Amino acid sequence: QVQLQESGPGLVKPSGTLSLTCAVSGGSISSGNWWSWVRQPPGQGLEWIGEIRYSGTTNYNPSLNSRVAMSLDRSKNQYSLKLSSVTDADTAVYYCAKSTGSWYYFDNWGQGTLVAVSS
Amino acid sequence: QAALTQPASVSGSPGQSITISCTGTSSDVGGYNFVSWYQQHPGKAPKLMIYDVTNRPSGVSTRFSGSKSGNTASLTISGLQAEDEADYFCSSYTRTRVVFGGGTKLTVL
C-alpha cells in the first residue's frame, strides 16, 4: 500500500515562496501513476493545484498556473510543489494525492500539512 | 466560490437513505462521465468513495452509489450509519483541470 507524507515549513511570509515535498513509500514514483497537490483553506472546500506524471509532464490549475511549479525527485522517491508570490489567500491545508486509474480522481491521500501565510 | 454547487447540509436518521446533489455545467459534470465523490471526516484527509460517476473503489461499502443526469450528479447513501457523518465533496474533470464542489455536511440524527 502506497503511503504519502507531506513536509515543509508551516509558515511562509507574504510575497514569499511556499515549498512542500511529498515523500512516497511502498511504491515507486516512476510506476506510472499521477501525482497531485490539492489544498483546502480552513473551513472551506477543496482546490486542485496541479499534477505531475511519472514522465515528468505537468498540468496546472489555470488559476494558479503562473505561480506553480512541480517536480519529481526519482532518487528520493518524492515530488515537490513550489507556489510563488503567496498571500493570505494561500493559507490552507495542502494535501499530496495519488491517482492510479486516471489523473482526475485521487485514490490515495497524504495526511495534509497546514501552511499559514503571515508576516 | 466553488465551481460545482452542492447543498450546504443534509441530514437523515440511521437506516434511512439520503442523496447529495452536485450541479455543474456542460463543460464539466454534463460533458463527461468523470465525476468523483470524496468523504472527509473532521481533521482527516478526503477518501475516494465514487469515481467515473458510478464506480466504487475496492473496500468502499455498497451502501454508497453514484448517478448522473444532465449537469447534475448525485451521491446516494443507503442504510445510514453514524460513521457516515462527514463532509462530502464532488469533483469533475474538465478539459483543463479538476474542479470541486463546495462540500455538503451530512448529519446523522
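Figured I'd write up the structure that's included with this text. (Residues numbered from 1 in each chain as written. Chains lettered and ligands numbered in written order. Predicted model: local features only at pLDDT ≥ 70, side-chain atom pairs only at ≥ 80, totals over all residues. Heavy atoms only, no water.)

## So, the overall build of chain A
Each helix and strand counted, chain A has 0 helices and 11 strands in total. Of the regular secondary structure in chain A, the N- to C-terminal order runs β-β-β-β-β-β-β-β-β-β-β. Taken against the 2.2 N^0.38 rule, which gives 14 Å for 119 residues, the C-alpha radius of gyration of chain A at 13 Å falls within 12% of a compact globule. Expressed along its principal axes, the backbone C-alpha trace of chain A runs to roughly 40 × 30 × 25 Å. (Helix = DSSP H or I, 4+ residues; strand = E, 2+ residues; numbered from the N terminus. Rg over C-alpha atoms; globule rule 2.2 N^0.38 Å.)

## Examining the interface of chain B and chain A
It is common to give the size of an interface as the accessible area lost on bringing the parts into contact. Taken together, the 19 residues of chain B in the interface contact 19 residues of chain A. Taken together, both faces of the contact between chain B and chain A bury some 1,600 Å²; the carbon and sulfur share is 67%. For the pair chain B and chain A, the interface holds 0 salt bridges. Inspection of the chain B/chain A interface yields 5 residue pairs in polar contact (both at pLDDT 80 or more). Looking at the side of chain B that touches chain A, the elements that each hand over two or more residues are β3 (35–40), β7 (86–93) and β8 (98–100) of chain B. (Contact = heavy atoms within 4.5 Å. Buried area = accessible area lost by both parts, 1.4 Å probe. Salt bridge = Lys/Arg side-chain N within 4 Å of Asp/Glu carboxyl O. Polar contact = N/O pair within 3.5 Å; in protein donor to acceptor, adjacent residues only side chain to side chain.)

## Comments concerning the state of the cysteines
Under the criterion given, the structure shown has 2 disulfides over all chains. Covalently, A:Cys22 is tied to A:Cys96 through a disulfide, its sulfur atoms 2.2 Å apart. Across the disulfide from A:Cys22 to A:Cys96, rotation about the S-S bond amounts to roughly 65 degrees, and the bridge is consequently right-handed. Separated by 74 residues along the polypeptide, A:Cys22 in strand β3 (residues 18–25) and A:Cys96 in strand β9 (residues 92–99) bring together distant segments of the chain. You'll find A:Cys22 and A:Cys96 in the same group, each marked buried. Residue pairing for B:Cys22: its cysteine sulfur links by disulfide to B:Cys90, the two sulfurs lying 2.0 Å apart. Classification of the bridge connecting B:Cys22 and B:Cys90 rests on its S-S torsion, roughly 75 degrees, and on that basis the disulfide is right-handed. Here B:Cys22 is found in strand β2 (residues 18–23), whereas its partner B:Cys90 is found in strand β7, with 68 residues between them in sequence. (Disulfide = S-S within 2.5 Å. Buried < 20%, exposed > 50% of the residue type's maximum accessible area, 1.4 Å probe, protein only.)

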